[in-house]
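Here is what each chain is made of, one letter per residue.
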Amino acid sequence: MERQEGPTRPALIVVDMINTYDHEDAELLVPSVEQVVPVIADLIDRARTAEVPVIYANDNFGRWRSHHGELVDAALARPHARLIEPIRPDEESLFVVKARHSVFFETPLAYLLRSLGVGHVVLTGQVTEQCVLYSALDAHIRHLEVTVPQDAVASIHPHLADAALEMMRRNMGARITTAKEVDFTRSVPHTA
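Residues numbered from 1 in each chain as written. Predicted model: local features only at pLDDT ≥ 70, side-chain atom pairs only at ≥ 80, totals over all residues. Heavy atoms only, no water.

Draft legend 1. Quick peek at helix H1 (residues 26-49). When the terminal C-alpha atoms of H1 are compared, their 32 Å separation across 24 residues agrees well with the 34 Å that a helix rising 1.5 Å per residue should span. Residues of H1 that are buried include every one of Ala26, Leu29, Val30, Ser32, Val33, Val36, Val37, Ile40, Ala41, Leu43, Ile44 and Ala47, and no others. Where H1 terminates, the next one or two residues include Glu51, which has phi positive at roughly 60°. (Helix = DSSP H or I, 4+ residues; strand = E, 2+ residues; numbered from the N terminus. Expected span 1.5 Å × (residues − 1). Buried < 20%, exposed > 50% of the residue type's maximum accessible area, 1.4 Å probe, protein only.)

Set out below in structure tokens:
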């Protein structure tokens, strides 16, 4: 079913930022995350002010009995808590647990977005060349508008991140922009 033409409500999706950083690529990832955390924190604040849904889509790190509060607590108890604190979910934030790369793969996110009237996702988080890329593709095939602020996504390999951003722009019609250019106060016209 095609979405009707017209303005679409945005949502801010924060991908995999609740993280313990004790995985194999963490040493390469953390410097990039340090740069994007303040940018993402500002986007979260602006989205909340504009009453735009903020949805955290996060790996559960194999903790299938955990809920999002336990995941946040576990991340805050680790050495990189300073990367979590500025962007932690508040009482109004929505949370979707994911198990694979895409925020849509076998999660309720598509249903949640439809129920909120969202037709435009702003993807932030990590990792640009992995989860953000696959999530952008899955959003695109669901006829959602996609914006990726390039200064609000972290990468392990910058050259692959650049290629991923170009693929999102060219192949998925994503709007690649900066965080400052994201305007949550206006709807974006939908292009089918």
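Having put the structure on the table, let's press on.
Draft legend 2. Spatial organisation of unusual backbone geometry. The omega torsion across Gln126 and Val127 is 0°, close enough to zero to call that bond cis. For Tyr21, which is not glycine, the phi torsion reads 55° and is therefore positive. Checked against the element boundaries, Tyr21 lands in the loop between strand S1 (7-15) and H1. Exposure remark for Tyr21: the relative accessible area of 5% places this residue in the buried category. A positive phi angle is found at Glu51, which is not glycine, with a value near 60°. Topologically, Glu51 is positioned in the loop between H1 and strand S2 (54-59). On the basis of relative accessible area, Glu51 is assigned to the exposed category, the value being 67%.

Draft legend 3. Region of interest: the packing of aromatic side chains. Enumeration according to the criterion identifies one aromatic pair in this entry. Ring centres of Tyr56 and Phe95 lie 6.3 Å apart, and the angle between their planes is 10°; on these two criteria the pair is classed as stacked. A residue pair is termed long-range when its members are at least 10 positions apart, and Tyr56 in strand S2 and Phe95 in strand S3 (residues 94-98) qualify at 39 residues. For the pair Tyr56 and Phe95, a shared accessibility class is recorded, and that class is buried. (Phe/Tyr/Trp six-rings, centres within 6.5 Å; stacked < 30°, edge-to-face > 60°.)

Draft legend 4. Seen up close, the pattern of salt bridges. According to the stated counting rule, one finds nine salt bridges in the structure shown. Put simply, Asp59 and Lys98 hold a salt bridge, and the shortest N to O gap is 2.9 Å. Separated by 39 residues along the polypeptide, Asp59 in strand S2 and Lys98 in strand S3 bring together distant segments of the chain. In this structure, the salt-bridge partner of Arg169 is Glu166, at a minimum N-O distance of 2.5 Å. With Arg169 and Glu166 both in helix H5 (residues 158-172) and three residues apart, this pair spans about one turn of that helix. We classify Glu166 as partly exposed; its relative accessible area is 31%. Three or more residues are tied together by salt bridges with common partners; here these are Asp16, Asp59 and Lys98. (Salt bridge = Lys/Arg side-chain N within 4 Å of Asp/Glu carboxyl O.)

Draft legend 5. A look at the nonpolar core. Among the nonpolar cores identified, the biggest contains 34 residues, and Leu12, Met17 and Tyr21 are the most heavily contacted of them. Listing elements by their share of this core, those giving two or more residues are S1, H1, S2 and helix H2 (68-76). Element by element, the count of residues in this core is highest for H1, at eleven residues. Ignoring sequence-local partners within four residues, the contact set of Leu12 consists of Leu43, Ile44, Ala47, Val52, Pro53, Val54, Ile55, Val122, Thr124 and Phe184. Leu144, Val146, Leu165 and Ala174 belong to the second largest nonpolar core, which has 29 residues in total. (Core = buried A, V, L, I, M, F, W, Y, C linked by side-chain atoms within 4.5 Å. Contact = heavy atoms within 4.5 Å.)

Without other data, these values stay purely geometric and don't point to any function.
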